[in-house]
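# Structural characterization, general
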Amino acid sequence: MFSGLLRRPEAGALIGLLGVTLFFAIVGGVEFLYPSSIGSWLSRSATLGIIAIPVGLLMIAGELDISVGGTITAGALITALVSGFYGAPILLGILAALAFGVLVGLVNGCLVIKTGVPSFIVTLGTLFAVSGILLGATVVLTGTTSIAIKAPEIVKTIFGMYVGGFQVLILWWLAITAAFFFFMHMSPFGNWVFAMGGDKESARNAGIPTNRMTILLFVFSSVCASFVGMSQAILFQSVQATPQLTLIFNTIIAVVVGGVLLTGGFGSVLGIFFGTITFAVVTQGIYYTDFDQTWSNLVIGVLLLGAVLMNNTFRKIALSATTKKKGLKA
């Protein structure tokens, strides 16, 4: 049973998480494990994790969505524009932001299918197109690149409030993680996603609706990014019309640390979940240590690389065990 658990995609991610947490608990001191500190890196995990899981599913399916950096800003801007600048009900602003996420996902998915251009190139174009359109529209409509929004208290409580140092978004992250876990590991759709990542042509020949699944996964990614942007607008009550480019790389790093292969066909929702927390622990934990902050990126890079190498080792163990099992059956 133990060896079977070690061969699971999330095994390396979990051990990596435990390793970096222990490292910062020792080097950074017991303060790193105080509730306020845990709330800090879990809140960071939630913001990143809601986007990382659907992006990770796309990577398992052999695709990539880097337009999330623009879509998250779009969700925030549209919410602030509709409900802040124009004064419409906040519910209308939320629905408009999510609808825009659906639109971006449909455009990404359809372009990837119809053109045959790699999804990296398609979503790179979408990233700049969305960012440019929203920046221009914001300046034309409001005369500024910053929009203020004041949401009702009940809405702030649901989407953005901190309770005891923990952001409410953490609960949304857990719920979304559970929903995607069911989708990937307890329904037939998950097998379709893995099949697409292994060989999309073979999956299509086997009767899997690869085109519809591709579009659906892109819609998931864009809607989740738009949801996070909307939540940030409600929490911070102000939005800047600038794409969050750093978030793109952070998302991919968290997914890879979680054990997902860039080549597709391998990974798990739990692995992405653990990988996201690992990334947050490393990036937040450095501030609890006595390390010179000028070397912080080096420390973060080394620890994250170690987590990725550990995942790669466990992946090889899993593939080796699978090959041996097939050889014994033969």
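No experiment lies behind these values; they were computed from the predicted model shown.

The rules we used
Residues numbered from 1 in each chain as written. Predicted model: local features only at pLDDT ≥ 70, side-chain atom pairs only at ≥ 80, totals over all residues. Heavy atoms only, no water. Axes fitted to C-alpha atoms, helices over the stretch in contact; angles between N-to-C directions. Helix = DSSP H or I, 4+ residues; strand = E, 2+ residues; numbered from the N terminus. Parallel < 35°, antiparallel > 145°, perpendicular 65-115°, else oblique. Left-handed = near helix turned anticlockwise from the far one by under 90°. Contact = heavy atoms within 4.5 Å. Nonpolar A, V, L, I, M, F, W, Y, C, P; charged D, E, K, R; others polar. Salt bridge = Lys/Arg side-chain N within 4 Å of Asp/Glu carboxyl O. Buried < 20%, exposed > 50% of the residue type's maximum accessible area, 1.4 Å probe, protein only. Core = buried A, V, L, I, M, F, W, Y, C linked by side-chain atoms within 4.5 Å.

### Focus: the packing of helix 3 (residues 35-60) against helix 13 (residues 269-285)
In contact at an axis separation of 8 Å, helix 3 and helix 13 are set at 140 degrees when each is read in the N-to-C sense. Taken together, the axes of helix 3 and helix 13 are oblique relative to one another. Between helix 3 and helix 13 lies a crossing whose hand is right-handed. Of helix 13, the residues touching helix 3 (which contributes S40, W41, R44, S45, L48, G49, A52, I53, G56 and L57) are V269, I272, T276, I277, F279, A280, V281, T283 and Q284. Partitioned by chemical class, the residues of the contact of helix 3 with helix 13 number 11 nonpolar, seven polar and one charged.

### Brief notes about the pattern of salt bridges
Within the structure shown, the criterion is met by three salt bridges. Put simply, E153 and K156 hold a salt bridge, and the shortest N to O gap is 3.8 Å. Here the residue E153 and the residue K156 both occupy positions in helix 7 (residues 153-159), the gap between them amounting to three residues, near one helical turn. Judged by its relative accessible area of 19%, K156 falls in the buried class.

### Considering the nonpolar core
Residues I50, I51, L57, W173, V193 and V281 are the most contacted members of the largest nonpolar core, which totals 86 residues. In terms of residues, this core owes the most to one element, helix 3, which gives 13 residues. If sequence neighbours within four positions are ignored, W173 has contacts with L42, S45, A46, G49, I50, F273 and I277.

Everything listed here is a matter of coordinates, which is why it stays silent on function.
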